[in-house]
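Below are the chains, spelled out letter by letter.
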Amino acid sequence: MLRLLQGLLLFLVLIIAALNFSSASSVNTKLNSPPLASPILAAKMPSSTDGVLKTLRPTHPRLFFTDEELPRIKDAIKKDLLVQQWYNQLREEAQQMLTEPPVEYKLYGSAALLKQSRAALHRISTLAGLYRLDRDSRWSTRARSEMLTVAAFPDWNPAHFLDTAEMTTAVAIGYDWLYDRLSVKDRATIRRALVEKGLKQGLNAYTREPQWTMANHGVAWNKVNHNWNQVCNGGMVVGTLAIADEEPELAVAIINEARKSIVKPMRKYVPDGGYQEGPDYWNYGTRYNVFFLAAIQLALGTDFSLTKMPGFADTGLFRMHTIGPLGQTFNYSDSKANAESASQMLWLARTLDRPIYNVHERLVTGTRPDIFHLLWSSEEKSRATAKLNLSLDYIFRNVDVALFRSAWEDAKAIYIGFKGGDNKVNHSHLDLGTFVLDGLGERWALDLGPDDYNLPGYFSKQKRWTYYRVRTESHNTLIIDNEAQKPSGRAPLIAYLSTTPRAFAVADLTDGYKSKLTQAWRGIALLDRRQVLVQDEIKARELVDIVWNFHTRARVEARDNQAILTQNKMQFEARILSPQGAHFEVISGNPAPPPQAQQPDVCNLRVRLPKKIKDVRIAVLLTPGRPVSIPKLEPLEEWVSVGKLK
């Protein structure tokens, strides 16, 4: 009996010990390592953290800058007037943030939480960055409040994963930069939100769980080759590096998957740094690509040789050349005209030894900095030296875009952005052959830009091409028999030349119209850095109606083959040189009813031919003021023979 009682007692002791161990493990899990989403995911996690985290920087901050860099940044604020201006403006913004309520869980439209995620990122990074610089506790206290607020959200909207990626970036930056200002309880709360609402949602995408439904046009974001991949991978890597020492297995899994995935969009920079989705999405995608690279470079001491991928070091040139003398971009695809600031240019300048990127970004950013302009600022190199290495013209072969200008840093310079392109790429419009034109301090030929993303079916194959701003007739290109270009059409640049008396590019637009045409070539030339010649040569299968479009906000007086365009007392002349009998007509550039975007101040200056035709050359000369000379027209075949691209 005694032995039986002793055995029962021992059994009870073992049960109590097991329960205590389970309870302690549960508490530890809640504070440090939340459980994985499913047994399937657990099976796919690495069993060891050796390798990728061996060189992890052990202390905070480890994202984007360290405390050892603070003297350099503070010295720049003291000595560099522009950096000082940036610092003062960011402090003013931070003061305003103190008076505003924290971000709210508001879902709206297709990108349901994205506005809130971006507000959180701007606030937390600004406040936390300023705290590292001046140790003003007002900044850290308010940033903590923002982080705890979003940590309490029910989710970060993983169904539209950009929202999750940007919120993860925001919270990770705050966690890392304010680590020494957060209590143990705060860290646990914020870390759990990062893991549960951010990182494990991303891991689901990488591992392609059956229940995972998030997709971008039917393809998971880690499989695509455009900005979604860069933003989502960037957010996941920044998020996991902030807590990599506390969640090492999760960090290894995400880093290994992300470094494989991000190669897909980075290959699109090959060979010369162009970006298919246009200037706005260059800014967005490249910003997060740089977040990815800057984070791993500092936190892990390596970039896995990703910065050495062909074309990436040159991509700052794409930003520089697609911004015209007015600070407006060649805004093809779903891009807006006004150029936003791009602090990643400063990181690219420092990391890739491209000081000219720094020079240009300082000119463009002006008084619109973010905190990364401060963190990545560096001593400005000689502008004179930078100018010597910058061409007036440039061609991006990978995206079939050519840019021409008469001068840099002259607000009245002539500027042309011209594209062939590919109608199949993400965010594309049906705009093969379109162009923009600046001169005399005004934009004369414009692109209307995107419409509201919340329009029904704006990104669907069935509905997208019904919206005016996306269709061919809203762009400065050709309409054949009142039909849009093929959504699958592509237009390569087949010739390019850059000389002072004559710079040009030729695009083969035939594929966009091949149901009607056997040839459609468009050449645009900058003559003597002053006049612009747009020349089209068209051969059709049968008689077709051809319309030439030119959208402008200028006041237009058209008569026969001449038109005078006036803006702010400045004038441009448009003159039809070929064919005889063609004439200008002016129609509204605002034909679509609400809820589509309205632009009542825009008109479309069109070239109309006297009759349907099978074979024609249309040539229009655009000149500031009046033409000083009328150029002799040469067949586009001769242009191609001089500047043929291989």
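The preceding data block contains the structure.
Residues numbered from 1 in each chain as written. Predicted model: local features only at pLDDT ≥ 70, side-chain atom pairs only at ≥ 80, totals over all residues. Heavy atoms only, no water.

Chemist: Can you walk me through the packing of helix 3 (residues 70-79) against helix 4 (residues 81-97) in this structure?
Modeler: The description of two packed helices rests on the angle between their axes and on the distance between the axes. Put simply, helix 3 and helix 4 touch, their axes get as near as 5 Å, and they point 105 degrees apart. One finds that helix 3 runs roughly perpendicular with respect to helix 4. Seen from helix 3, the contacting residues are A76, I77, K78 and K79; seen from helix 4, they are L81, V83, Q84 and Y87. (Axes fitted to C-alpha atoms, helices over the stretch in contact; angles between N-to-C directions. Helix = DSSP H or I, 4+ residues; strand = E, 2+ residues; numbered from the N terminus. Parallel < 35°, antiparallel > 145°, perpendicular 65-115°, else oblique. Contact = heavy atoms within 4.5 Å.)

Chemist: Quick question: what am I supposed to make of the side chain of D536 here?
Modeler: Relative to the elements of secondary structure, D536 occurs in strand 12 (residues 531-544). For D536, a relative accessible area of 0% puts it in the buried group. Side-chain polar atoms of D536 contact the side chain of W548, separated by 3.4 Å. Excluding residues that lie within four positions of it along the chain, D536 makes contacts with L478, W521, R522, W548, V616, R617 and I618. (Buried < 20%, exposed > 50% of the residue type's maximum accessible area, 1.4 Å probe, protein only. Polar contact = N/O pair within 3.5 Å; in protein donor to acceptor, adjacent residues only side chain to side chain.)

Chemist: Whenever I open this one, a positive patch on the surface confuses me. Can you help?
Modeler: There is a patch of like positive charges on the surface, built from R208, K223, K264 and R267. Here K223 shows up in the loop between helix 8 (184-207) and helix 9 (227-242). (Patch = residues over 30% accessible without salt bridge, like charges linked within 9 Å, V, L, I, M, F, W, Y side chains within 5 Å. Areas by Shrake-Rupley, 256 points an atom, 1.4 Å probe, with all protein chains shown as cover. Salt bridge = Lys/Arg side-chain N within 4 Å of Asp/Glu carboxyl O. Lys, Arg positive; Asp, Glu negative; His and termini not counted. Charge placed at Lys NZ, Arg CZ, Asp CG, Glu CD.)

Chemist: Explain the sheet that holds strand 20 (residues 613-624) here, please?
Modeler: Across a sheet, paired strands are connected by hydrogen bonds in the backbone, their directions being either parallel or antiparallel. Strand order in the open sheet formed by eight strands is 9-10-11-12-20-17-16-15, with antiparallel pairing between adjacent strands. Two strands bound the open sheet, and with one partner strand each, they are strand 9 (493-498) and strand 15 (555-559). Averaged over neighbouring strand pairs, the angle between their axes works out to 15 degrees when direction is ignored. Here strand 11 (residues 517-527) pairs with strand 12 via 10 bridges, running antiparallel. Bridge assignment links L517 to a residue of strand 12, and that residue is A540. Contacts from helix 18 (residues 636-643) reach strand 9, strand 10 (502-508), strand 11 and strand 12 within the one sheet, and its direction differs from that of strand 11 by about 65 degrees. (Pairing = 2+ DSSP bridges.)

Chemist: What exactly am I supposed to notice about the sheet that holds strand 6 (residues 442-445) here?
Modeler: Spatially, 1-2-3-5-6 is the arrangement adopted by the five strands of the open sheet, whose pairing is antiparallel. Two strands in the sheet have a free side with no partner beyond their single neighbour: strand 1 (394-396) and strand 6. Along the sheet, successive strands turn relative to each other by an average axial angle of 15 degrees, direction set aside. Where strand 2 (residues 401-405) meets strand 3 (residues 415-419), five bridges bridge the pair, whose relative direction is antiparallel. Within strand 3, the residue paired with L403 across the bridge is G417.

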